[in-house]
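Breakdown of the fold
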Amino acid sequence: AALEQEGLNAITTDGRTEDKLEPEDFKLEEGGERRMVVEKDADEALTNLIAVLKDWLNEVLVADRMVVRSLADDLYDGQVLQILLHRLFNRTLSEPDVIHSAHGQRQRLESVLAALDELLGRRPSGRPRRFTAGSWCPAPIKLPGRVTVPVLVVQKRDGALQYTRRLESVTGPEDVFCLADAERDMLDDIFERSPERVGLLERHLMLFINSNLACLNIEVTDLARDLADGVNLIILLGLLEGYFVPLHFYTSVSATKEQRVANVSLLFDLMEDAGILRPTTRPEELVAGDLKAALRVGLPIFSKYKSGRQ
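Residues numbered from 1 in each chain as written. Predicted model: local features only at pLDDT ≥ 70, side-chain atom pairs only at ≥ 80, totals over all residues. Heavy atoms only, no water.

**Things to note about the packing of aromatic side chains**
A complete count under the given rule lists one aromatic pair for this structure. A ring pair is formed by Phe 208 and Phe 302, whose centres lie 5.2 Å apart and whose planes are at 80°; its orientation type is edge-to-face. Highlighted residues: Phe 208 in helix α9 (residues 196-213) and Phe 302 in helix α14 (residues 291-305), separated in sequence by 94 residues. It is Lys 292 that lies over the ring of Phe 191; its NZ or CZ is 5.1 Å from the centre. (Phe/Tyr/Trp six-rings, centres within 6.5 Å; stacked < 30°, edge-to-face > 60°. Helix = DSSP H or I, 4+ residues; strand = E, 2+ residues; numbered from the N terminus. Lys NZ or Arg CZ within 6 Å of the ring centre and 35° of its normal.)

Below you can see the structure in the form of structure tokens.
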């Protein structure tokens, strides 16, 4: 019987890991359970998913001068997720930016996850979230389908730890193409159903921008290209709000994508300060020279100030 149990353990658990684990390591109550992702058992699909998510996170966080090198190591305390919550949903929590105690970090993580569940209309399940073709996620990226996560489930029974291995699915059978916006907006419909109106919106916005920037001898001739680094819109917003944005706050002649993204992120912050709803587009989309992104950023400014400076 002992030999059979040893064979079963060899199949269902990783002895090298569990030899080091003791009940007190987990502080589990009797009957409690802990789940851990076994990263060393990740297959190619999971490795690709992790790489995609890290690249996206680092694009979003570039303006905050943060770099995610490991999802497990860098997301555990909730700080990165708290920043994402603000960047993607304009949701600010009362938790401080820097928390040193494990208890405080755990509280912040619980607060962030609760806020995400509320925003996405889900309930906390304690299990990996599964993305299907009908799911929404706030990132213009492609998530590979049929991704499973190797999970080690640790349970405390009669004072001893028991281990079970299982694979848990996190994506559906098909690849998922995520959108940057939670819902379609007016511009989506205009671009698809009334493309002739796109040029009209573009001309009105360009006329508005140039009429305000003429005092500085600045002229926008290509909306997508000339707004891509955020500089002209930063200057425009300063003029409309009656203040000068110090040059050391942004890069007026940006040479890198990171500098342009940082400029646009500053612009979004200034728009919020002016009482304009933060654009649903991501800074990277404007930086890429996307016309729809340029309209999504510029039209709210136009709508607020079209009748004259306020």
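**What to know about the environment of Leu 240**
Turning to its location among the elements, Leu 240 is positioned in helix α11 (residues 231-241). Residue Leu 240 is classed as buried on the basis of its relative accessible area, which comes to 3%. Considered as a pair, Leu 240 and Ala 274 are 34 residues apart in the sequence and their alpha carbons are 9.7 Å apart. (Buried < 20%, exposed > 50% of the residue type's maximum accessible area, 1.4 Å probe, protein only.)

**Considering the pattern of salt bridges**
According to the stated counting rule, one finds nine salt bridges in the structure shown. The closest approach of N and O atoms between Arg 108 and Asp 77, which form a salt bridge, is 3.6 Å. With a gap of 31 residues between them, Arg 108 in helix α7 (residues 102-120) and Asp 77 in the loop between α5 (71-75) and α6 (79-89) connect regions that are remote in the sequence. Considered together, Arg 108 and Asp 77 belong to a single accessibility category, that of buried residues. (Salt bridge = Lys/Arg side-chain N within 4 Å of Asp/Glu carboxyl O.)

**Some details on helix α12 (residues 257-273)**
Its 17 residues place the ends of α12 24 Å apart at the C-alpha level, agreeing with the 24 Å of an ideal helix rising 1.5 Å per residue. Among all positions of α12, only Val 261, Asn 263, Val 264, Ser 265, Leu 266, Leu 267, Phe 268, Leu 270 and Met 271 are buried. Those residues of α12 hidden inside the fold are in contact with α4 (44-60), α6, α11, α13 (283-287) and α14. In the stretch just after α12, Gly 275 is the one whose phi turns positive, near 85°. (Expected span 1.5 Å × (residues − 1). Contact = heavy atoms within 4.5 Å.)

**With respect to unusual backbone geometry**
The residue Asp 158 is not glycine, and still its phi comes out positive at about 55°. For Asp 158, the location among the structural elements is in the loop between β3 (148-157) and β4 (160-169).

**Points about the side chain of Arg 278**
Inspection of the secondary structure assignment puts Arg 278 in the loop between α12 and α13. Taking relative accessible area as the criterion, Arg 278 reaches 9% and is therefore assigned buried. At a separation of 2.6 Å, a polar atom in the side chain of Arg 278 contacts the side chain of Glu 272. Once residues lying within four places of it in the same chain are set aside, the contact partners of Arg 278 are Arg 87, Ser 265, Phe 268, Asp 269 and Glu 272. (Polar contact = N/O pair within 3.5 Å; in protein donor to acceptor, adjacent residues only side chain to side chain.)

**Notes on the sheet that holds strand β1 (residues 33-37)**
As summarised here, the arrangement of the three strands in space is β1-β3-β4, forming an open sheet in which the pairing is antiparallel. The open sheet is flanked by β1 and β4, the only strands paired with a single partner. Each neighbouring strand pair of the sheet contributes to a mean axis angle of 25°, computed without reference to strand direction. With ten bridges joining them, β3 and β4 adopt antiparallel strand pairing. (Pairing = 2+ DSSP bridges. Axes fitted to C-alpha atoms, helices over the stretch in contact; angles between N-to-C directions.)

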